[in-house]
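If you want the building blocks of each chain, they are given just below.
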Amino acid sequence: MEVDQRKEIGGVEETFIEHLPNEILLMIFRKLTFRQLVQASAVSHRWNELMFYLLKDRVKLRIQGLQFSNTEEWAQNRNYAALTFDAVRFGLPKGFNARWLEPLAENVKHLRFYCMRANDGALLELLRPFGAVEELLVKADKLDLSKALSSYLRLCRGLLPNLRRLTIGCRYVRMMELLKEVAPRLVSLDLELLPRLLTKFYVCRFENLKSLTLRFPQRQTKIPNMLSLLRCLQQIKNLRKLGLFVNDGISVFRAAFALTSVDDLTLGGTFTVEHFSQIFDDIHRMTNLRSLSIFVRTEQFLTVEAALPSLDSLCIGGTIKVNVSILTEKFPNLTLLMLTTRTFDWHEVQEIANAWQSTMQHLAIEIRETDQSVIASILTMLKLRKLYLYLNKASENHIAALIPVACMATLEELHILDKDCKQDATLAELCNCKRSCTIFIGESLIEDVLADEISFAKQLCELSL
């Protein structure tokens, strides 16, 4: 039975928004923010479908456990580009049947799988339907072996033909065999492995690999035959981005400095050795290096023997001690600087501004408070586009003090990371100032933070009445 929803009042036909065709509604909805779209998706089933159409590339499906047997009951015939399996508590048992995943697998490009315990054959069975996956994360703490090695290798053949980016933890030979199968197709690999499995890593053919991160989880990393590791890395001809995470593995870092083709280097780990301060003496050999990230836990100072004029991006985190004067002397041409090792005083912020006044575009730093000296120094950075401020000490009107910074002509994004600033009375002043940049409080837009505060205050008023 059809129901005419149109009503006439006084001879004039009344039109409701529900009567508008989908095309018109989509034109309206495209003007909403991401947050507003998510809120509007709860209005009705029809609106939910339209919101999903607009957000389908940003919506991720997460499956807790493997208890779903009827896909249609919860997938609603929707196609998800990103899918996460969180089977940590449930595990992946022998005999797992992946047929129920086929309706989902066809369009999935990004797949994540977490599990404490998995059967080797079941893991391959899970991955097989996802032939379109381009990015994969696999974390299985324990692997139960049920297949003969020859059968396992046969099942690996032809798996994941479109895979390009892989994050995987390899504590077992069979996981390395899976890596060996997909290695020629990879452009990016983030690999956690035990040093005893390096011989399996050396035989992988990385024909297209451009980005490699190696993580060694042991408390003390001892690499057998360091020369073999160096030779293997040198044979990856397209390698441009390298990350190494080791503990007390100074020799690994020094080996990396021989890779002169790498232009993006990340080093991380925990170091208790006495001679850590000398580790960067040879980094000047990397003549093509453009980006350097150091995330190290140590009580020693960062020292650099020779200047690196080619470097334009520097990120330093952890507990390593940093002298700003050393940074300004050895890295004269930075456009990006991130310092999260400690809180910096106003005179150090001034030194940073003076050194990179005409080059700095992205700056992330922790400061004590937003006093006038800090603000004045930031304002001298003529090309600053993105600013991340970690505020260590809250003071009265410390958010309002950032208004001149928000009004800088070049600034595109201002990120304020302070757990207490959401309660600052001057937050609205910062939001309403004549600015051209986008302001974030933590991970939220400042407009959304204020809207939440207003909504919360309204609820309190209603409760009090």
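All figures in this text were calculated on a predicted structure; none of them were measured in a lab. (Residues numbered from 1 in each chain as written. Predicted model: local features only at pLDDT ≥ 70, side-chain atom pairs only at ≥ 80, totals over all residues. Heavy atoms only, no water.)

1. Here's the deal with the overall build of the protein chain
Across its full length, the protein chain holds 17 helices and 19 strands. Split into buried and exposed, the 465 residues of the protein chain put 45% on the buried side. Here the analysis covers contacts within the protein chain between residues at least 6 apart in sequence; of these, 59% occur between residues at least 24 apart. Of the roughly 24,300 Å² of accessible surface on the protein chain, a fraction of 50% belongs to carbon and sulfur atoms. (Helix = DSSP H or I, 4+ residues; strand = E, 2+ residues; numbered from the N terminus. Buried < 20%, exposed > 50% of the residue type's maximum accessible area, 1.4 Å probe, protein only. Contact = heavy atoms within 4.5 Å. Areas by Shrake-Rupley, 256 points an atom, 1.4 Å probe, with all protein chains shown as cover.)

2. Concerning the layout of surface pockets
Of the volumes computed, that of the largest pocket is approximately 360 Å³. Forming the boundary of the largest pocket are 24 residues, of which R112, E135, R165, T167 and D190 lie nearest the centre. Secondary-structure elements contributing two or more residues to the lining of the largest pocket are β4 (82–86), β5 (110–119), β6 (135–144), β7 (165–170), β8 (188–193), β9 (211–215) and β10 (241–245). Residues that form the lining of the largest pocket fall into these classes: ten nonpolar, eight polar and six charged. (1 Å grid on protein atoms, 1.4 Å probe; cavity = no way out; pocket = protein on both sides within 12 Å on 5 of 7 lines; lining within 4 Å. Points joined across faces, edges and corners; volume = space filled by probe spheres on them. Nonpolar A, V, L, I, M, F, W, Y, C, P; charged D, E, K, R; others polar.)

3. Some words on the confidence of the model for the protein chain
Close inspection of predicted coordinates is inappropriate in any region flagged by low pLDDT. Within the protein chain, residue pLDDT values average 83, and 84% of them lie at 70 or more. In the model, residues 1–12 has pLDDT below 50 throughout and makes nine contacts with residues more than four positions away in sequence or in other chains. Every residue in residues 456–465 is under pLDDT 50, and counting partners more than four places away or in other chains gives zero contacts. (pLDDT = per-residue confidence, 0-100.)

4. Quick look at helix α14 (residues 372–379)
Within α14, the full set of buried residues consists of V374, I375, S377 and I378. Angular distribution of buried residues about the axis of α14 spans 160°; they occupy a single face of the element. In this structure, the buried side of α14 is in contact with α13 (346–355), β15 (362–367), β16 (386–391) and α15 (403–406). (Arc of directions from axis to C-beta.)

5. Describing helix α3 (residues 45–55)
Within α3 the residues assigned to the buried category are W47, L50, M51, F52 and L55. Elements that come into contact with the buried residues of α3 comprise α1 (22–29) and α2 (34–40).

6. Quick word on unusual backbone geometry
What you tend to see is this: most non-glycine residues have negative phi, and most peptide bonds are trans. Despite not being glycine, L160 shows a phi value in the positive range, around 55°. Take L160: it is sitting in the loop between α7 (149–156) and β7. Taking the relative accessible area as the measure of exposure, L160 reaches 3% and is therefore buried.

7. Concerning the nonpolar core
Counting 136 residues, the largest nonpolar core has F85, L189, L193, F201 and L212 as its most contacted members. When sequence neighbours within four positions are dropped, the list of residues in contact with F201 reads M176, L189, L191, L193, F206, L212, L214 and C232. Grouped together as the second largest cluster of nonpolar side chains are nine residues, L25, L26, W47 and L50 included. (Core = buried A, V, L, I, M, F, W, Y, C linked by side-chain atoms within 4.5 Å.)

8. Points about the packing of aromatic side chains
Each aromatic ring pair is characterised by the separation of its centres together with the angle its planes make. On inspection of all chains with the given rule, the structure shows four aromatic pairs. Ring centres of F257 and F280 lie 6.1 Å apart, and the angle between their planes is 40°; this geometry places the pair in the tilted category. Of the two residues, F257 is situated in the loop between α11 (250–256) and β11 (264–270) and F280 in the loop between β11 and β12 (291–297); the sequence distance between them amounts to 23 residues. Using a relative accessible area of 0% as the deciding quantity, one classes F257 as buried. (Phe/Tyr/Trp six-rings, centres within 6.5 Å; stacked < 30°, edge-to-face > 60°.)

9. Quick look at the packing of α13 against α14
Packing of α13 against α14 brings their axes to within 9 Å, and their N-to-C directions diverge by 10°. Taken together, the axes of α13 and α14 lie roughly parallel to each other. For the pair α13 and α14, contact is made by W346, V349, Q350 and A353 and by S373, V374 and S377, respectively. Class assignment of the residues belonging to the contact of α13 with α14 gives a composition of four nonpolar, three polar and no charged. (Axes fitted to C-alpha atoms, helices over the stretch in contact; angles between N-to-C directions. Parallel < 35°, antiparallel > 145°, perpendicular 65-115°, else oblique.)

10. Comments concerning the side chain of T370
Here T370 is to be found in the loop between β15 and α14. A relative accessible area of 9% means that T370 is categorised as buried.

11. A look at the pairing of β12
Residues in a regular strand point their side chains to alternate faces of the sheet. Most of β12 is tucked away: five of the seven residues are buried. In terms of strand pairing, β11 meets β12 through seven bridges, oriented parallel. Bridge pairing in β12 links L267 to I294. Where β12 lies against strand β13 (residues 313–318), six bridges are found, and the strand directions are parallel. Pairing of S291 across the sheet is with S313, part of β13. (Pairing = 2+ DSSP bridges.)

12. Observations concerning the packing of α1 against α3
Running from N to C, α1 and α3 cross one another at 60°; their axes reach a closest spacing of 11 Å. Judged on the interaxial angle alone, α3 and α1 are oblique. The way α1 lies across α3 gives a crossing that is right-handed. Judged by residue contacts, N22, L25, L26 and F29 of α1 engage R46, W47, L50, M51, Y53 and L54 from α3. Residues of the contact of α1 with α3, tallied by class, amount to eight nonpolar, one polar and one charged. (Left-handed = near helix turned anticlockwise from the far one by under 90°.)

13. Points about the pattern of salt bridges
Throughout the structure, instances matching the rule amount to 13 salt bridges. The shortest N-O distance in the salt bridge between R171 and E192 comes to 3.0 Å. Taken together, the positions of R171 in the loop between β7 and α8 (173–182) and E192 in strand β8 put the pair 21 residues apart, joining distant regions of the chain. Judged by relative accessible area, R171 falls into the partly exposed class, the value being 35%. Here E348 ties to R342 by a salt bridge, and the two come within 2.7 Å at their closest N and O atoms. The exposure class assigned to E348 is buried, which follows from its relative accessible area of 10%. For R342, a relative accessible area of 30% puts it in the partly exposed group. (Salt bridge = Lys/Arg side-chain N within 4 Å of Asp/Glu carboxyl O.)

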